[in-house]
Amino acid sequence: MTGVMTAHDGKTVGRHLNLIETLNIKNNLENICGKIECQPLVWGSDVTSFLPAPDYIILADCIYYEESLTSLVKTILDLSDINTVILCCYERRFTGNKPLLEKQFFELLEHFVTEEVPLSSQDPVFSCDEIRIVKMKLKPSKVFPNVETF
């Protein structure tokens, strides 16, 4: 549903293939103003078929998979260009190795500027203290020295 809502806003969205998401797209075609596409994506694999870079990359609750943190960050980096906005939503977890995985994920984001979206900027009905939303963009480089990050 996240992808459908983003496409409703006229943005280009690339999403991981899922039967429910495919049905959501078909059932909401009249609400889609932008381009939405559903394709399978294996983190860490070649992303050439997903380029050019999407306007948005939306991550929902996927930073706690220890085996794939590096692959996830590599995929985000490979898919992004200087204009791509990445929104990462996750529930804070405090049991087992979850705090360490959260820390490791954000340490791996060395090529990105990150900014937490404050609760005051989130929907009052669909937000809570345990859910975090982080906005990310590639850091400006020598190739794009005058580009704003946010």
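The preceding data block contains the structure.
Let me begin by describing the structure that accompanies this report. Model, not experiment: these values are computed from the prediction.

Structural notes on the state of the cysteines
This model, assessed by the stated rule, comprises zero disulfides. Cys62 supplies the cysteine sulfur nearest to Cys88, a cysteine that is in no disulfide, at a spacing of 6.1 Å. Residue Cys88 is classed as buried on the basis of its relative accessible area, which comes to 1%. Between Cys89, a free cysteine, and Cys88, which holds the nearest cysteine sulfur, the sulfur-to-sulfur gap is 7.5 Å. For Cys89, a relative accessible area of 29% gives the class partly exposed.

Quick notes on the packing of helix 3 (residues 69-79) against helix 4 (residues 98-107)
With their axes 10 Å apart at the nearest point, helix 3 and helix 4 run at an angle of 30° to one another. It follows that helix 3 is roughly parallel to helix 4 by the angle criterion. The way helix 3 lies across helix 4 gives a crossing that is right-handed. For the pair helix 3 and helix 4, contact is made by Leu69, Leu72 and Val73 and by Leu101, Gln104 and Phe105, respectively. Its residues assigned to classes, the contact of helix 3 with helix 4 shows five nonpolar, one polar and no charged.

As for the environment of Glu130
By the element assignment, Glu130 lies in the loop between strand 5 (112-116) and strand 6 (131-138). For Glu130, a relative accessible area of 40% gives the class partly exposed. For the pair formed by Glu130 and Glu91, sequence separation is 39 residues and the distance between their alpha carbons is 5.6 Å. For Glu130, the residues in contact, after removing those within four places along its chain, are Tyr90, Glu91 and Arg92.

Reading guide: rules and limits
Residues numbered from 1 in each chain as written. Predicted model: local features only at pLDDT ≥ 70, side-chain atom pairs only at ≥ 80, totals over all residues. Heavy atoms only, no water. Disulfide = S-S within 2.5 Å. Buried < 20%, exposed > 50% of the residue type's maximum accessible area, 1.4 Å probe, protein only. Axes fitted to C-alpha atoms, helices over the stretch in contact; angles between N-to-C directions. Helix = DSSP H or I, 4+ residues; strand = E, 2+ residues; numbered from the N terminus. Parallel < 35°, antiparallel > 145°, perpendicular 65-115°, else oblique. Left-handed = near helix turned anticlockwise from the far one by under 90°. Contact = heavy atoms within 4.5 Å. Nonpolar A, V, L, I, M, F, W, Y, C, P; charged D, E, K, R; others polar.

These values are about where atoms sit, not about what they do.
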